[in-house]
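Take a look at the letters that make up each chain.
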Amino acid sequence: METPKPKLKGAPIDSIIFYPSLVLVALVAIVMSFFPDVAAKGVDGAYAFVLKNLSSMFMLFGLACFIILGWLSISRYGDVKLGGPDEEPEFSTFSWISMLFCAGVGIGLMIWSLVEPIYYIQGPPMGIEPMSDQAFVWAHMLPQFHWGFSAWAIYCLPTIPIAYSVYVRRQKVFRVSDTSRMLIGRHADGGVGKLIEVFVLLGTVGAVGTSLGLAIPLISKLFSGFLNIEDTMFLKGVVTAVLYGIFGFSVFMGLEKGMQNLTRINVWLAFVILGLVLFLGPTGFIMDLWTNSLGLLLNNFPNLTFETEPLRLLTEGAGSAWPQWWTVFYWAWWVAYAPVVALFVARISRGRTIRQLVIAECVWGTLGCWAFLAILGGYSLYAQKTGLVDTVAIQNAQGDPAVCMAVMYSLPLRWLIIPIYTALCFVFLGTTLDASAQALANLCSKKGYSDLPPLRWHRMLWASLLALFGMGILITGGEKALKTIQTSTIVGGVILVPIIFIMVAGLLKCLKQDFKEVMVDTKIVRPALLAENAAGLAMGSPGGSRETISGSEAKNIELKAGAELKAGAGDLSKNAGTAGVSGEDELRV
């Protein structure tokens with residue numbers, strides 16, 4: 001087992017993964033950017049196949065994530081600490097939630113909260129008449145479904161196995177393949193493990209490249225409108241350079257000084273922009289619409305979760321069915337982004353319990369998204385309905401960035417709002433790219449160094465490559481290359497679904513091994529962390545079989561366990577004679 005040397009300032013690179021990954025990313029970038037038509041032909045065919053044949057898989061997967069996390073959080077496993085028994089969280093609760101939220105949503109939330117409702121009023125589901133009043137209220141609710149509990153459950157589910165494998169099982173590496181070791185065993189070190197890392201890495205680069213391709217045109221257009229200058233490729237290059245400077249500096253400083261401070265700025269800017277839009281805009285209308293949308297969502301959540309429109313899909317094809325075009329697309333997109341988000345969130349969640357992690361992502365993450373979608377989306381629909389801004393015409397003629405600019409420019413005090421909105425776009429994207437660079441560097445670092453961050457130059461290299469990758473898409477391939485990368489990432493999500501299930505199956509297997517219940521009459525002695533044979537603690541049987549013993553013996557065991565709990569978990573481990581016991585023991589009646 002490798003032991004980090006004190007003089008090391010970071011985890012050294014793993015050459016076997018690092019150099020092939022660089023070559024592979026470069027090849028993908030070249031093919032996608034310089035030969036977009038060739039790449040698009042194959043990818044679009046695969047995308048159509050996914051929509052037509054695997055829609056139910058993605059729909060059921062989103063529901064399964066939600067159910068599994070709900071069970072984990074209310075079960076006895078919810079109290080499992082991701083770390084040692086006395087280990088305190090590395091970050092404050094506010095900083096922790098801020099970092100995981102910003103890494104999970106990025107600039108996509110800033111764009112789609114304004115433009116997604118405009119798509120839905122033109123093409124609503126369930127046979128609703130386009131541009132009708134019913135289409136407007138559904139258009140406000142549907143984004144909250146797509147960015148709500150199910151989406152965050154897809155993010156959260158793979159986070160728990162990764163954090164558990166490193167902080168509890170002490171796997172000493174932040175990799176998806178090593179998390180899968182809990183089920184696939186030695187195959188994690190062979191070709192299967194390497195293949196898993198390849199899919200994760202390509203999915204990450206493709207997803208982040210798409211975020212850059214969406215974000216840079218928006219920020220560039222905001223600058224051109226605010227400064228009254230032409231929106232040129234040179235301006236896009238300047239935007240990319242400034243963006244790289246922000247998140248590159250954050251990556252250089254590391255999690256404690258860089259990412260943590262960046263996300264704090266991000267969250268406070270978010271509070272400011274949401275407050276300004278809410279109180280300078282139609283406050284009563286926005287709050288009424290949000291209340292209406294919550295009721296509509298609760299009433300239609302089961303139908304939206306299972307709706308696939310099979311007959312329309314059969315007769316008209318994948319492009320015509322609303323659930324495939326939107327809900328399946330979103331679920332596949334969250335799956336594609338899930339590994340990088342999970343790797344980052346696991347990295348910052350040492351010392352938290354499984355229940356705390358589920359609440360932070362599924363509850364606070366959902367509420368954060370709902371606030372943006374309710375307020376910015378509500379104002380965007382208000383602008384269209386009242387004729388303040390013809391968002392439909394702008395979207396169809398000029399695209400999504402133009403819609404964002406037009407809607408934000410229609411607000412009072414735009415001289416204050418536009419700079420804050422632009423800064424928030426910068427910082428939101430910066431935090432996502434920062435988290436991605438950290439995760440990619442972790443993937444390519446040697447095993448046995450999980451207590452050390454990746455080397456600084458290693459993190460900066462991935463930050464630079466991501467920035468160049470996104471800019472290269474805009475310069476050489478434009479929208480065709482961007483669309484190809486986006487769809488290829490979604491197709492890659494098909495492969496990631498079984499990988500995530502392997503991770504979860506391994507987690508459940510380890511939880512059952514490490515936290516066996518020892519039945520003592522009506523008492524349950526439930527140690528906080530037990531290895532394979534730890535059930536022998538109460539019975540003295542090395543195999544840890546479950547038995548019922550006499551009342552007097554049970555009482556003695558209860559008293560002994562209580563006394564040893566007060567004395568410390570270390571003494572209990574020694575008295576048990578079980579090498580795998582670690583952590584503070586817990587007595588439950």
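In this text the structure is predicted, and so the values were computed from the model without any measurement.

Caption draft 1: How the structure looks around helix α6 (residues 133-146). Given a rise of 1.5 Å per residue, 14 residues ought to cover 20 Å, and the 21 Å separating the end C-alpha atoms of α6 matches this to within 8%. Within the span of α6, buried status applies to Ala135, Phe136, Trp138, Ala139, His140, Met141, Leu142, Pro143, Gln144, Phe145 and His146. Contacts from the buried residues of α6 go to α5 (108-122), α7 (149-167), α11 (283-306), α13 (322-347) and α14 (354-386).

Caption draft 2: Here's a closer look at the packing of aromatic side chains. All chains considered together, the criterion is met by 25 aromatic pairs. Ring geometry for Phe61 against Phe501: centres 5.3 Å apart, planes inclined by 85°, an arrangement best described as edge-to-face. Of this pair, Phe61 sits in helix α3 (residues 55-74) while Phe501 sits in helix α18 (residues 456-514), and the two are 440 residues apart along the sequence. You can call Phe61 buried: its relative accessible area is 2%. Note on Phe66 and Phe301: the rings are 6.1 Å apart at their centroids and 50° apart in plane angle, and the pair reads as tilted. With Phe66 in helix α3 and Phe301 in helix α11, this residue pair connects regions lying 235 residues apart in the sequence. What links up through ring pairs into an aromatic cluster is the set Phe101, Trp147, Trp152, Tyr155, Phe329, Tyr330, Trp333, Trp334 and Tyr337.

Caption draft 3: View of the side chain of Thr327. Its location among the elements puts Thr327 in helix α13. Residues within four places of Thr327 in sequence aside, it is in contact with Met59, Phe145, His146 and Trp322.

Caption draft 4: Looking closely at helix α17 (residues 414-443). Over its 30 residues, α17 extends 43 Å from the first C-alpha to the last, a length consistent with the 44 Å expected when each residue adds 1.5 Å. Counting buried residues along α17, 25 of its 30 residues qualify, which places the element largely inside the surrounding structure.

Caption draft 5: Broad picture of the pattern of salt bridges. If you walk through the whole model with that rule in mind, you get five salt bridges. Two residues, Glu90 and Arg347, come together in a salt bridge whose shortest N-O distance is 3.1 Å. Taken as a pair, Glu90 in the loop between α3 and α4 (93-105) and Arg347 in helix α13 lie far apart in primary sequence, 257 residues in all. Between Arg169 and Asp514 there is a salt bridge, and its shortest N-O distance comes to 2.9 Å. Of the two residues, Arg169 sits in the loop between α7 and α8 (176-184) while Asp514 sits in helix α18, which places them 345 residues apart along the sequence. For Asp514, a relative accessible area of 4% gives the class buried.

Caption draft 6: Inspection of the packing of α6 against α11 at higher detail. At a minimum axis separation of 8 Å, α6 and α11 run at an interaxial angle of 65°. With respect to the hand of their crossing, α6 and α11 are arranged in right-handed fashion. For the pair α6 and α11, contact is made by Val137, Trp138, His140, Met141, Leu142, Gln144 and Phe145 and by Leu289, Trp290, Asn292, Ser293, Leu294, Leu296, Leu297, Asn300, Phe301, Leu304 and Thr305, respectively. Considered class by class, the residues forming the contact of α6 with α11 number 12 nonpolar, six polar and no charged.

Reading the values: rules and limits
Residue positions are given per chain, counting from 1 as you read along its sequence in written order. Totals for whole chains, interfaces and linings use all residues, but because this is a predicted model, local features are given only for residues with pLDDT of at least 70 and pairs of side-chain atoms are given and counted only at 80 or more. Processing note: side-chain calculations cover all non-hydrogen atoms of the structure and skip hydrogens and water entirely. Every helix listed is a DSSP run of H or I at least four residues long, and every strand listed is a run of E at least two residues long, numbered separately from the N terminus. Take the residue count of a helix, subtract one, and multiply by 1.5 Å to get its expected span. The classification of residues rests on relative accessible area computed with a 1.4 Å probe and restricted to protein chains. Under 20% of the type maximum is buried, over 50% is exposed, and intermediate values are partly exposed. Pairs of residues are marked as contacts when any of their non-hydrogen atoms sit within 4.5 Å. Two rings from Phe, Tyr or Trp (for Trp, the six-membered ring) form a pair when their centres are within 6.5 Å of each other. A pair whose planes differ by under 30 degrees is stacked, one over 60 is edge-to-face, and the rest are tilted. By convention in these notes, a salt bridge is any Lys or Arg side-chain nitrogen within 4 Å of a carboxyl oxygen on Asp or Glu. Every axis in this analysis is a line fitted to C-alpha atoms, fitted for helices over the stretch in contact. Angles between the N-to-C directions lie between 0 and 180 degrees. Here a crossing is taken to be left-handed if its near helix is turned anticlockwise relative to the far helix by less than a right angle, and right-handed if that turn runs clockwise. All amino acids are sorted into three groups, where Ala, Val, Leu, Ile, Met, Phe, Trp, Tyr, Cys and Pro are nonpolar, Asp, Glu, Lys and Arg are charged, and the leftover types, Gly among them, are polar.

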